[in-house]
Amino acid sequence: MQTAAKIFVISGPSGSGKSTLLKRLFSEYPTTFGFSISHTTRKPRPGEVNGKDYHFVEKPDMEKEVEAGKFIESATFSGNMYGTSIKSVEDVVEAGKVCMLDIDMQGVQSVKKTQLNPKYIFVQPPSLEILEQRLRGRGTEKEEAVLARLEASKRELEYGALPGAYDHVIVNDDLETAYNSLKNAIFV
Ligand SMILES: Nc1ncnc2c1ncn2[C@@H]1O[C@H](COP(=O)(O)OP(=O)(O)OP(=O)(O)O)[C@@H](O)[C@H]1O
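Residues numbered from 1 in each chain as written. Predicted model: local features only at pLDDT ≥ 70, side-chain atom pairs only at ≥ 80, totals over all residues.

Novice: Is there a simple way to explain the site of the ligand in this structure?
Specialist: Neighbouring residues of the ligand: 14 residues in total, closest Ser14, Gly17, Ser19, Thr20 and Arg134. Only helix H1 (18–28), helix H5 (128–138) and helix H7 (175–186) provide two or more residues apiece to the shell around the ligand. Across the shell around the ligand, the residue classes tally to 2 nonpolar, 9 polar and 3 charged. (Near = placed C-beta within 6 Å. Helix = DSSP H or I, 4+ residues; strand = E, 2+ residues; numbered from the N terminus. Nonpolar A, V, L, I, M, F, W, Y, C, P; charged D, E, K, R; others polar.)

If you want it as C-alpha cells, here you go:
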C-alpha cells in the first residue's frame, strides 16, 4: 500500500487515543510501519538488546549529541536520559518501513526544524470533558498526573488549532470513524 509520506508524526493530548489508533494500525498492517528506537542512558535490564529495545548510551555522549541538535526530543526521568534521535527515524525509513513518530507538541516543533519532512497528524479528543473521562477511565495515572496531563492538553489543543500546525486533524469521537480518518490521512 502506498503512503502519503515515509514519516508520520502523530500527536495530541495525553488520552486523546494515539496509542489506541496506532495499535489498531499496526495490527492491521503488521509489516508496513515501524517505530524508531529510542536512546537511553539507563542500564539495560536483563534480556534487553542494544539497538533493538534501546540504543544504550553513556550520559556524556548523549548530552553532547542533544547539544549538537541530533535529537528530536529528550527528557530525563529519575536521573536517566531518554530521547529520539533524528537518525533513529531515518533508520526506520532505510529499513523500508514507514516511520510512525508518537510525540508531544514540543517534539512536533522540533521535527519541523529538521529535514525529515513528515506528514503531521493531530488526534483531538471530542471535548476536554471526554478527555478527562477517558484519562480517568484508563486508570493508569494518579490524580496529580491526570491533572497535569489535562493542563498540558490545553496547550496541545491550542497548538493543534493553529492553521498549518498539522496536515490532518482527527477527532477521536467514535473510534471506528477516527480510525478510518487516520487511514485516509496515511494511505494514498
Ligand atoms: N474513540 C474512543 N472512544 C472511547 N474511548 C477511547 C477512544 N479512543 C481511546 N479511548 C480510550 O481512552 C483512553 C486513552 O487512550 P490512549 O491510551 O490511546 O491515549 P494516548 O493518546 O495514547 O495517551 P498517552 O499520550 O497518555 O499515551 C484509553 O483508555 C482508550 O481505551
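So much for the structure itself; the text now carries on.
Novice: What exactly am I supposed to notice about the UniProt feature "domain: Guanylate kinase-like" (unreviewed entry) in the protein here?
Specialist: As annotated by UniProt and renumbered to match this structure, "domain: Guanylate kinase-like" (unreviewed entry) occupies residues 5–187. Taken end to end, residues 5–187 has its terminal C-alpha atoms 9 Å apart, with 43% of it in helix and 21% in strand. (UniProt positions renumbered as here; feature names shortened; annotations may be inferred.)

Novice: How do you make sense of the domain arrangement of the protein when you look at a structure like this?
Specialist: Looking at the assigned domains, one finds that the protein contains domain 1 (7–32 + 97–186) and domain 2 (39–84). Summarising the inter-unit geometry, the C-alpha centres of domain 1 and domain 2 are found 24 Å apart. (Domains from an automatic or database assignment.)

Novice: When you look at the packing of H1 against H7 in this model, what are you seeing that I'm missing?
Specialist: In a packed pair of helices, the relevant descriptors are the angle between the two axes and the axis-to-axis distance. The contact between H1 and H7 brings their axes to 10 Å, and the two run at 65°. By crossing handedness, the relation of H1 to H7 is classed as right-handed. Of H7, the residues touching H1 (which contributes Thr20, Leu21, Arg24 and Leu25) are Leu175, Ala178, Tyr179 and Leu182. Counted by class, the contact of H1 with H7 contains 6 nonpolar, 1 polar and 1 charged residues. (Axes fitted to C-alpha atoms, helices over the stretch in contact; angles between N-to-C directions. Left-handed = near helix turned anticlockwise from the far one by under 90°. Contact = placed C-beta atoms within 7 Å.)

Novice: Looking at this model, I keep getting lost on the nonpolar core. Mind explaining?
Specialist: If you look at soluble globular proteins, the nonpolar side chains tend to sit buried side by side. Counting 26 residues, the largest nonpolar core has Phe8, Val9, Ile10, Cys99, Leu101, Ile121 and Ile170 as the members making the most contacts within it. Of all elements in the fold, only strand S1 (7–11), strand S5 (71–77), helix H3 (86–94), strand S7 (98–102), helix H4 (105–111), strand S8 (119–124) and H7 reach the threshold of two or more residues within this core. When residues no more than four places from it in sequence are discounted, the contact partners of isoleucine 10 are Lys18, Leu22, Met100, Leu101, Asp102, Ile121 and Val123. (Core = buried A, V, L, I, M, F, W, Y, C linked by C-beta atoms within 7 Å. Buried ≥ 20, exposed ≤ 12 C-beta atoms within 10 Å, placed from the backbone.)

Novice: Where do I start with the sheet that holds strand S2 (residues 33–34) in this structure?
Specialist: As a general point, the strands of a sheet are linked pairwise by backbone hydrogen bonds and lie either parallel or antiparallel. Ordered in space as S2-S7-S1-S8-S9, the 5 strands form an open sheet in which the pairing is parallel. Only two strands of the sheet have a single neighbouring strand rather than two, namely S2 and strand S9 (168–171). Two strands pair when backbone bridges link them, and S2 and S7 are joined in this way by 2 bridges, in the parallel orientation. Paired with glycine 34 across the strands is cysteine 99, a residue of S7. In the packing of H7 onto the sheet, contacts are made with S1, S8 and S9, and the angle to S9 comes to roughly 165°. (Pairing = 2+ DSSP bridges.)

Novice: What is the right way to read helix H6 (residues 143–161) from this model?
Specialist: Owing to its 3.6 residues per turn, the α-helix aligns residues three or four sequence positions apart on the same side. Compared with an ideal rise of 1.5 Å per residue, which puts 19 residues at 27 Å, H6 spans 27 Å between its outermost C-alpha atoms and is within 8% of the ideal. Restricting attention to buried positions, one finds in H6 the residues Ser153, Glu156 and Gly160. Tucked into the core, H6 has its buried residues touching H4, S8, H5 and S9. (Expected span 1.5 Å × (residues − 1).)

Novice: Just to check I follow, could you spell out the pairing of S5 for this structure?
Specialist: For a regular strand, side-chain orientation follows a simple rule: the groups alternate between the two sheet faces. The pairing of S5 with strand S6 (residues 80–85) spans 6 bridges and is classified as antiparallel. Looking across to S6, one finds that glutamate 73 is bridged to threonine 84. Following S5, the chain reverses through 2 residues before pairing antiparallel with S6; serine 78 in that reversal takes a positive phi of roughly 35°.

Novice: Teacher, can you tell me more about the environment of histidine 55 here?
Specialist: Examined against the element boundaries, histidine 55 turns out to sit in strand S4 (residues 55–56). Residues histidine 55 and isoleucine 37 lie 18 residues apart in sequence; the distance between their C-alpha atoms is 6.8 Å. Once residues lying within four places of it in the same chain are set aside, the contact partners of histidine 55 are Ile37, His39 and Asn50.

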